[in-house]
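Structural features, examined
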Amino acid sequence: MRKFFVIVGLFLSMIYPSFSAAKDEVVVYVSEDQVFSEPILRDFEKDTGIKIKAVYDTEETKSTGAMNRLIAEKNNPQADVYWANEPIRAVVLKQKKISSPYISPNAKGIPPLFKDSEGYWTGFSARARVFVVSDGASDKDLEPTSILNYTDEKWKDKSVVANPLFGTTTSWVSALFVAWGDEKATDFLEKMKKNGVKISTSNGESTTLVMNKECIFSLVDSDDATNAIRDEKPVSQIYPDQEEGGLGCLILPNTAVLIKGGPNPENGKKLIDYMISAESERKLAFADCAQIPLHEGVETPPDVKKIEDIKTMEVDYEKVAEKLLEIQKYLKKWAGY
Amino acid sequence: MARKITLWVAILLLLLIGLAPVISMFAKSLFVAGELSLGNYETLFQSEREWILLSNSFLLAGSVTFITLLLGVPLGTLFSKTDLPFKKIFIILFVIPLIIPSYILATAWFYFLGRSGIVAQILGANVGIFTSRFLFGFSGVLFVMVSTLLPIVIILVMTYLRMVNPKLEEAAKLSATWPVVLREISIPIIIPGICLAGLIVFILTLGEIGVPSSLRFDVFPVESFIQFSAFYNFNAATAAAIPLGVITLIILIIERLFLRKKVFQFRVTKDPMIIIPLGEKKPLFFAAVATLAFIIAIIPLCVLLIKSLSISAYHEALTRSIDSIFRSLLYAAIGATCLTVLGFFLGYLLERKAFRFTYAVDSIAILLFALPGTVIGIGLISLWNTRATNMIYASVAIIIFGYIAQYTALGERIMAATFSQIPRSMEEAAQIVGVGWFRRLFGILIPLAKRGIASIWLVGFIFCLRDLGITMMVYPPAHDTLPVRIFTLMANSPEEVIAALCMILILITLLPLSALSLIIKNKRQKI
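Position labels on residues start from 1 in each chain and follow its written sequence. Chain letters and ligand numbers both follow the written order, the letters beginning at A and the numbers at 1. Given that this is a predicted model, residues contribute local features only at a pLDDT of at least 70 and side-chain atom pairs are listed and counted only at 80 or more, while totals for whole chains, interfaces and linings are drawn from all residues. Side-chain descriptors were evaluated using all non-hydrogen atoms of the structure, hydrogens and water having been removed beforehand.

1. Thoughts on a positive patch on the surface
Patches draw on residues past 30% relative accessible area with no salt bridge. Two like charges within 9 Å are joined, as are two nonpolar side chains (Val, Leu, Ile, Met, Phe, Trp, Tyr) within 5 Å. The accessible surface values rely on the Shrake-Rupley method and a 1.4 Å probe; as for residues, cover is taken only from the protein chains in view. We count a salt bridge whenever a side-chain nitrogen from Lys or Arg sits within 4 Å of a carboxyl oxygen from Asp or Glu. Only four residue types enter the charge count: Lys and Arg as positive, Asp and Glu as negative, with His and the chain ends excluded. Taken as the charge centre is NZ of Lys, CZ of Arg, CG of Asp or CD of Glu, depending on the residue. On the surface, A:Lys74, A:Lys96, A:Lys97 and A:Lys260 cluster together into a patch of positive charge. By secondary structure assignment, the location of A:Lys74 is in the loop between α3 (65–72) and β3 (81–84). A run of DSSP states H or I qualifies as a helix once it reaches four residues; a run of E qualifies as a strand once it reaches two. Both are numbered from the N-terminal end.

Listed below in structure tokens is the structure:
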């Protein structure tokens, strides 16, 4: 009998902290890779004394596990803040009335393109959609410079792209539909398919395929490419469509979102202030994710371009999110599902 | 009366923890924009593509089941009934691929067989192209899934063979050779166990998405996954998962029809199991088993070892995951204990056919085992995430609920097999002389079912420890387990750290299992 009580006691002591937690805490759901986001959150804990309780996403769920939980928990929110790794999810949360407006004082230096005018989300530390190119190609002729190279005979059966149904590739395709119009974008995708592009499960896998010379190039996120280069893998990174009059490179900032009805809203606001600060952007630029600061004048390492040095694709993320819903059925068919 | 109440409590727990979330999801899937509609189901199978995906899933699940049975039945027989040397080491080796998350196993094979993998580096680029072609597609998925699920067949065949009455084999041995005895007596007797192994392998393969996705073979479960991950449409995702549940129920009915009229006699004596001497053929069997173990277990294990071979990788892996390691062990132990208790009573219910609706309860447990973890996970959230039930939802209890919902079938079926070797007459005799239910339970059933109880606990422990689907959906903030930590760290973490984390996962699974087997061995020696 004594053993029974010991077991019950152990179990209750394990559960107890979960619902009797200290008030000075903040719950954050994170879609940004844990290796990069965790140090920032730990620094916040150290600097403010507010305890962080985090739920991280996995590549296996296409980083949508946290998003699905936020939607499922709408009627009894458990999270205070959502750290999204791109802006489209933040827009979807706004549409589903799961987020709450908050305009942080630290959002002042961030260009209007990268934040919601009503304060439902604020962008910071961006990734760019860049080419990762295999050094094994060695032939300079095989170095792509434009996304149109996906449809070029010269790269037939030599390119790869992550499944456009998920993550940042979805945002990229949707942005093309917004920038080019439906007809041109559909034509591009069909030609791309005819040219034998492989479809991988993720940008990480695309990078691995290029690293291992299974393919010559792939459009991936800049953190995937920079990370591979810093790991001395035989690849290089190219910003596409940088020529005069070119389409430019799609920029996808992280976004900080305050969740409506979260248990610790004030601490949530403090965390958002911290996440989007110029200092956090500097840390994320020097981290292996090599993210591009959106505040002007933030120090960056030599291999991280400053936002003002990149020709960026001018897009309205709200329109991209709307278009995304429209084209998903087509993308499902295109991807072969 | 007490027996009825106990069994009813077990049934109600399964219904409340397992079935209720799924019913809630299913009910919601029947509504579109607040109105009753079959809209979520109408879109299913509208295109030819969905039928192709379903046939791919069938082909894969059927092939994996066939090959694992073809390999697993002889291997299980060799390990349990013969004097094959180094049996215990072989068993551990074959179990390792089940412990490693299948997606990581696929990645390990990619490092080995990919275009610039280890094989290509040793044998040249052309061989790399060939091995890469083998890996990406049906053949690669089949290979990885067989190596992952083979231990399930081996373990179940071993468990059931231990139950065969040795007197039957002794009698048959008087006029036949060992191969004939095995073919005509032992193997036919353990057909329920083989069917169960086949059923589990089929269900797990049918629902698998990680390995087929990474090795580029399109399967049906991706339909439900896309609805969750790309469309955030939970109702359509549930609808897309229903065909998997229907297929499982059909397979279950076939299993029942197949086994219905067969009588299986398991041993009721304490006579030791007969060990077959392999004689001159021992080196041949040893070589064959060693080759298979090398291909299936040692190669991926070595790949992970080579990748993780630095102290700094292990240091970083431990620094990043030490809290998750303890949580994993604790949660898996609690989960396994809950599965054992629930499995004990539901297995008793199934074997003794205590109620008329016994098979309905079994079907519910198997159906839950077949459904994607995401569907059960979202169901658990929608049911338990209320202010009134926050103490459950915001605690580790929700993870344990998830384990119970998904894995009760394993415990139930193993226990049913265990109870089939405990004669009803013992219980009935005790009842006639006025022994109550709880004394019968603690005095007869539990002592006689000790081996089965230990088996469920071990199987439950492995499955809870490696679980990702449900844990990922419901774990409370700061309660992540090691598999979840491995997957959250996988993106952009150094390969050697991930490989080191996988090695740690293998170790923490094997260490408690080894400790338990040592305790059992010591107890036996004392007796």
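2. What about the interface of chain B and chain A?
Two residues qualify as a contact provided that any one of their heavy atoms is within 4.5 Å of a heavy atom in the partner residue. Between chain B and chain A, the contact holds 58 residues from the first and 54 residues from the second. Buried area: the sum, over both parts, of the accessible surface (1.4 Å probe) that disappears when the two are put together. Interface of chain B and chain A: buried area, both sides summed, is about 5,100 Å²; carbon and sulfur atoms make up 59% of it. At the junction of chain B with chain A, the criterion picks out two salt bridges. When the shortest N-O distance is used, the salt bridge between B:Glu50 and A:Lys332 registers 3.9 Å. Side-chain atoms alone can form a polar contact between residues adjacent in sequence; in general such a contact is a pair of N or O atoms within 3.5 Å, and within protein one must be able to donate a hydrogen while the other accepts it. Run the count over chain B and chain A and you get 15 residue pairs in polar contact (both at pLDDT 80 or more). Its residues assigned to classes, the side of chain B that touches chain A comprises 33 nonpolar, 15 polar and ten charged. Residue classes follow a fixed rule: Ala, Val, Leu, Ile, Met, Phe, Trp, Tyr, Cys and Pro count as nonpolar, while Asp, Glu, Lys and Arg count as charged, and any other residue, Gly among them, counts as polar.

3. Here's the deal with empty space enclosed by the protein
Residues and elements named next belong to chain B. In this analysis, the protein atoms alone were mapped onto a 1 Å grid. Cavities are point sets where a 1.4 Å probe fits without being able to get out; pockets are open sets with protein on both sides within 12 Å along at least five of seven lines; lining residues have an atom within 4 Å of a point. Grid points are joined across faces, edges and corners, and a volume is the space filled by probe spheres set on the points. All told, the structure shown has eleven cavities of 30 Å³ or more when counted by the stated rule. Together, Leu98, Ile152, Ile155, Leu156, Thr159, Ile200, Leu410, Ile414, Ser455, Val459, Ile462 and Phe463 line the largest cavity. Of all the secondary-structure elements, those providing two or more residues to the lining of the largest cavity are α8 (138–161), α20 (397–419) and α23 (450–466). Among the residues forming the lining of the largest cavity, the class breakdown is ten nonpolar, two polar and no charged. For each domain, the first and last residues come from an automatic or database assignment. Of the residues that make up the lining of the largest cavity, three or more belong to each of domain 1 (1–31 + 310–527) and domain 2 (58–306).

4. With respect to the domain arrangement of chain A
Residue and element names in this part refer to chain A. What the domain assignment lists for chain A is domain 1 (22–126 + 252–306) and domain 2 (128–250 + 323–334). Placing the centre of domain 1 and that of domain 2 at their C-alpha centroids yields a distance of 26 Å. With 22 residues of domain 1 at the interface, the matching set in domain 2 holds 18 residues. Linking domain 1 with domain 2 are two salt bridges, by the criterion used here. In this structure, Arg230 and Asp288 form a salt bridge, with 3.7 Å as the shortest nitrogen-oxygen distance. Joining domain 1 to domain 2, the criterion identifies three residue pairs in polar contact (both at pLDDT 80 or more). Within the residue set of the side of domain 1 that touches domain 2, elements represented by two or more residues are α4 (87–95) and α10 (278–286). With three residues, α4 is the single largest residue contributor to the side of domain 1 that touches domain 2. Tallied by class, residues from the side of domain 1 that touches domain 2 come to twelve nonpolar, two polar and eight charged.

5. As for the domain arrangement of chain B
Residues and elements named next belong to chain B. The domain architecture assigned to chain B consists of domain 1 (1–31 + 310–527) and domain 2 (58–306). Here domain 1 and domain 2 have C-alpha centroids that lie 21 Å from each other. Listed per partner, the contact involves 43 residues of domain 1 and 47 residues of domain 2. Both faces combined, the contact of domain 1 with domain 2 buries some 3,900 Å², and carbon together with sulfur accounts for 77% of it. Its largest share of buried area at the contact with domain 2, domain 1 owes to Arg413, Gln421 and Arg466, together 15% of the area lost on that side.

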